[in-house]
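If you want the building blocks of each chain, they are given just below.
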Amino acid sequence: AIGDLEITNTWAPLEVTVDPMEFTPEERKEYLKSIEARPTGNYTQFIWDSLREEVKKGFVDTHVSANELDKRFGKGKWVPTNCFCFEQANKWRRIDTGRKSGRNTATRQTEKLNMNTAMAPTLAARTIVRMVRKQPNTHPSHNMLAKGLKIGGEDMPNAFRSIPILLDYLSSNVVAAK
């Protein structure tokens, strides 16, 4: 997204003071050169496979060239988002980053997100155990403890990719792959 993120009234509001950044033609040209100069690595095939998988899921359009993007949005009126990979828990993970393209600074947060830490499930389990132990031994909740508590988190790899965007933002939702 470019511009102000929608106010959800879920989080604490932030004062929005910085204007979204726009690319000058020179900055865009240098950025595109840096993408072209990016070396390929043992993760290159993974990037392409992950992009093809997103096409299959209907999250994105198929691969197009820079010339096709110029025809669709106008010459120089689109900016790609860089992507890279890193290995986590013995599997590759693709990260799309708007930092170098300026897209991170072109999107303004309107709310401060407060998320749970990795300790939240442990603290919740400890609280549950304490509450159950206060109950009489005949209380059904003791069966739960006897079986053991199982807690965890879900990895949602497609969480952001499946969020629809405004058509006006399509020119800024291009992933650069090499």
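Coordinates for the structure precede this section.
Because the structure is predicted, anything quoted here is derived from the model rather than measured.

About the thresholds
- Residues numbered from 1 in each chain as written.
- Predicted model: local features only at pLDDT ≥ 70, side-chain atom pairs only at ≥ 80, totals over all residues.
- Heavy atoms only, no water.
- Helix = DSSP H or I, 4+ residues; strand = E, 2+ residues; numbered from the N terminus.
- Polar contact = N/O pair within 3.5 Å; in protein donor to acceptor, adjacent residues only side chain to side chain.
- Buried < 20%, exposed > 50% of the residue type's maximum accessible area, 1.4 Å probe, protein only.
- Pairing = 2+ DSSP bridges.

## Side note on the environment of Arg 28
Counting through the fold element by element, Arg 28 comes out in helix α1 (residues 25-37). Measuring from C-alpha to C-alpha, the distance between Arg 28 and Lys 77 comes to 9.6 Å, with 49 residues separating the pair along the chain. Among the polar contacts listed, one links the side chain of Arg 28 to the backbone oxygen of Gly 76, at a separation of 3.5 Å.

## Quick look at unusual backbone geometry
The backbone of Ala 89 sits at a positive phi, close to 55°, despite the residue not being glycine. Along the chain, the position of Ala 89 falls in the loop between β3 (80-88) and β4 (91-97). Look at Ala 89 and you get exposed, because its relative accessible area is 71%. Phi at Asn 90 takes a positive value of approximately 60°, unusual for a residue other than glycine. Mapped onto the elements of the fold, Asn 90 is located in the loop between β3 and β4. Take Asn 90: its relative accessible area is 73%, and that puts it in the exposed class.

## Regarding the pairing of β3
For a regular strand, side chains alternate in direction, first toward one face of the sheet and then toward the other. Across two bridges, β3 lies against strand β7 (residues 174-175) in parallel orientation. When the sheet's bridge partners are listed, Pro 80 is paired in β7 with Val 174. Between β3 and β4, which follow one another and run antiparallel, lie two residues, and Ala 89 among them has a positive phi close to 55°.

The values are spatial; any link to function lies outside them.
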